[in-house]
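Single-letter residue listing:
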Amino acid sequence: MSTGFHRRSVLPGFGLTLGCALFYLTLVVLIPLSALFAKTASLTWARFWAIVADERVLASYRLTFGASLAAAAIDLVFGFLVAWTLVRYDFAGKRLVEALVDLPFALPTAVSGIALTAIYASNGWIGRHLEPLGIKTAFSPLGVVVALTFIGLPFVVRTVQPALRDLERETEEAAASLGATRRQTFRRVIVPSILPAAITGGGLAFARALGEYGSVVFISGNMPMKTEITSLLIVTKLEQYDYAAATAIAVVMLLASFALMLAINGLQWWSARRVAA
């Protein structure tokens, strides 16, 4: 008589579940990506390099990756502050703040782009005060950073919040009782505990920013060589029926994004092992 205990699962067996998962991933991820590479493969290497190394394309890469990195860094700082406030304090209007954090998830990106443009334009609520200071937000690279910061903030807040909830206050109190200052407690107790979550949130915000289109297309002004993002350039190539050029640029963005996300995941794994050790 067997005394082994077999755990029952709500879902079907491993084989059927894995098969359904692989079928779904193949249908919505692998097949479209394969078509993208197949279309690009129709180009010769010289033609491919001429497309992806064009000055206009390189300018869009610099703006897209630079603005996305800047926006992710800003979101890391202020996303942590927002998450800390929501986890550690109770105050009137807390539920409203929680809803505002999730607003970029629910709001159509085109709507957010129009709203940000109206606010930061030279005659907008905020733009009219920045203009006399020589700060031009709308229709400039700064406007791109603002839009990408707006859509990326929820990713950082929602990934850091659970880590802060799991961080017991007794640990901070123990550090303080041993003579640690607030800065030392933050650097040696809080940061190591939330670092994997922060890296994940920052990586998600960065990845989201790389592919953003709707919220940026209005506030950027779409000036070639100045405020034109790569997503818009791909759409422009498609409107010109230059599908091979559009897929070539898309492949470069795909490979660069995959390499960056792989590096971020490796850094997250390393930081998690360091905390566990």
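Quick summary incoming for the structure in this document.

Calculation criteria
Residues numbered from 1 in each chain as written. Predicted model: local features only at pLDDT ≥ 70, side-chain atom pairs only at ≥ 80, totals over all residues. Heavy atoms only, no water. Buried < 20%, exposed > 50% of the residue type's maximum accessible area, 1.4 Å probe, protein only. Helix = DSSP H or I, 4+ residues; strand = E, 2+ residues; numbered from the N terminus. Polar contact = N/O pair within 3.5 Å; in protein donor to acceptor, adjacent residues only side chain to side chain. Contact = heavy atoms within 4.5 Å. Expected span 1.5 Å × (residues − 1). Bend = angle between axes of the 7 residues up to and from the residue. Core = buried A, V, L, I, M, F, W, Y, C linked by side-chain atoms within 4.5 Å.

## A short note on helix α11 (residues 230-239)
For an α-helix the count is 3.6 residues per turn, leaving residues at separations of three or four pointing the same way. Restricting attention to buried positions, one finds in α11 the residues Thr230, Ser231, Leu232, Leu233, Ile234 and Thr236. Of the residues flanking the end of α11, it is Tyr241, one or two places downstream, whose phi is positive at about 60 degrees.

## Focus on the side chain of Ser60
Of note, Ser60 is situated in helix α3 (residues 55-88). Here Ser60 falls in the buried class, since its relative accessible area comes to 1%. Engagement of the side chain of Ser60 in a polar contact is seen with the side chain of Thr230, the distance being 3.2 Å. Beyond its immediate sequence surroundings of up to four residues, Ser60 is in contact with Glu228, Ile229, Thr230 and Leu233.

## Quick word on helix α4 (residues 94-106)
An ideal rise of 1.5 Å per residue puts 18 Å on 13 residues; α4 measures up with 19 Å between its terminal C-alpha atoms. The largest bend in α4 is about 25 degrees, located at Leu100, with the proline Pro104 one to four residues further on. Inspection of α4 places Lys94, Glu98, Val101 and Pro104 among the buried residues, and these make up the whole buried set. Along its buried surface, α4 packs onto α3 and α7 (141-166).

## Some details on the nonpolar core
Residues Leu43, Ile51, Tyr61, Phe65, Ala248 and Ile249 are the most contacted members of the largest nonpolar core, which totals 21 residues. No other element matches the 8 residues that helix α12 (residues 243-276) contributes to this core. Contacts of Leu43, omitting those with residues within four sequence positions, involve Phe48, Ile51, Ala244 and Ala248. Counting residues in each nonpolar core, the second largest holds 18 residues, with Leu63, Ala147, Ile219 and Ile229 among its members.

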